[in-house]
Amino acid sequence: MPPDQPWVIGETAPWSVAWTGESVFGLQRSTDFPGYLEVFQEEKPGVGHPVFAANHASRNKRGMFAHLCHVCGEPTKSWDRWLFPLQTGGMIDLDDGQRRYGCNVPPVHKACAERAQRLCPHLSRLYAQPVRFPKDDEGRMVPRFDVQPGMEALARSLPTGQPIVLSCYRLHGPRFSKLVQKLMESADSATQG
Ligand SMILES: [Zn+2]
């Protein structure tokens, strides 16, 4: 890597973002969501430059399922697993009237969260506080079939007529969802006040 390369994975670029050198996608049978086809993305992190608006399809999903750190890519232990629920994911209205928190990026280590807050402009705002991942509320993984940023060209090339998993999120249970909702409301009222 050239010495003037400003991007260091785990330091200045999160592990789970896509790089411009990772432009080849393919389809495979999903083992995480049996019965579906899913998109996978070639893995050449460090080639080209990072695309911060686009999560890497395969790394992000692997991180979500295995609780790998979004920043450094290493496994998080249950006692050192954090989320930024006000900055990532959002509330989802379920068919039965419940509102639940859905998270679409992997968790982070506390130390990685603090490093990210120093480096990442949208996390260093006043209310970007890491929240402990709920050990007792892992939630469940839900496939997404809609097009995410960076996948527009890919989506046009996919076969039609069958749902294809393009990404996924973790749907948390009522208790953690309530906590996130409360944090959102107090952040809102602090902004307005
Ligand atoms: Zn980490």
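Residues numbered from 1 in each chain as written. Predicted model: local features only at pLDDT ≥ 70, side-chain atom pairs only at ≥ 80, totals over all residues. Heavy atoms only, no water.

Focus on the sheet that holds strand 10 (residues 164-165)
Spelled out, the test is: By this definition, two strands are paired if DSSP reports at least two bridges between them. Secondary structure is summarised from DSSP: a helix means a run of H or I of at least four residues, a strand means a run of E of at least two, and numbering begins at the N terminus for each.
Read from one edge to the other, the open sheet built from three strands follows the order 2-3-10, with strand pairing classed as mixed. Looking at the sheet topology across the chains shown, the edges are occupied by strand 2 (25-29) and strand 10. Two strands pair when backbone bridges link them, and strand 2 and strand 3 (residues 37-41) are joined in this way by five bridges, in the antiparallel orientation. Note on strand 3: the bridge partner recorded for Arg29 is Leu37.

Thoughts on the pattern of salt bridges
The criterion, for reference: Throughout this description, the term salt bridge denotes a Lys or Arg side-chain nitrogen within 4 Å of a carboxyl oxygen of Asp or Glu.
Summed over the entire model, instances satisfying the criterion amount to 13 salt bridges. If you follow the salt bridges from partner to partner, you end up with Glu22, Glu43, Arg59 and Arg62 in one network.

Focus: the sheet that holds strand 6 (residues 90-93)
Short version of the rule: Axis definition: a line fit to C-alpha positions, over the contact stretch in the case of helices; interaxial angles, taken between N-to-C directions, run 0 to 180 degrees. Two residues qualify as a contact provided that any one of their heavy atoms is within 4.5 Å of a heavy atom in the partner residue.
The strand order across the open sheet formed by four strands is 6-7-11-9, and the pairing between neighbours is antiparallel. Looking at the sheet topology across the chains shown, the edges are occupied by strand 6 and strand 9 (140-144). Across the sheet, the mean angle from the axis of one strand to that of its neighbour is 40 degrees, orientation sign disregarded. Examined bridge by bridge, strand 7 (residues 99-103) and strand 11 (residues 167-171) share two bridges and lie antiparallel to one another. The partner of Cys103 across the bridge, within strand 11, is Arg170. Helix-sheet contacts for helix 1 (residues 57-66) involve strand 7, strand 9 and strand 11, and the interaxial angle to strand 11 is about 20 degrees.

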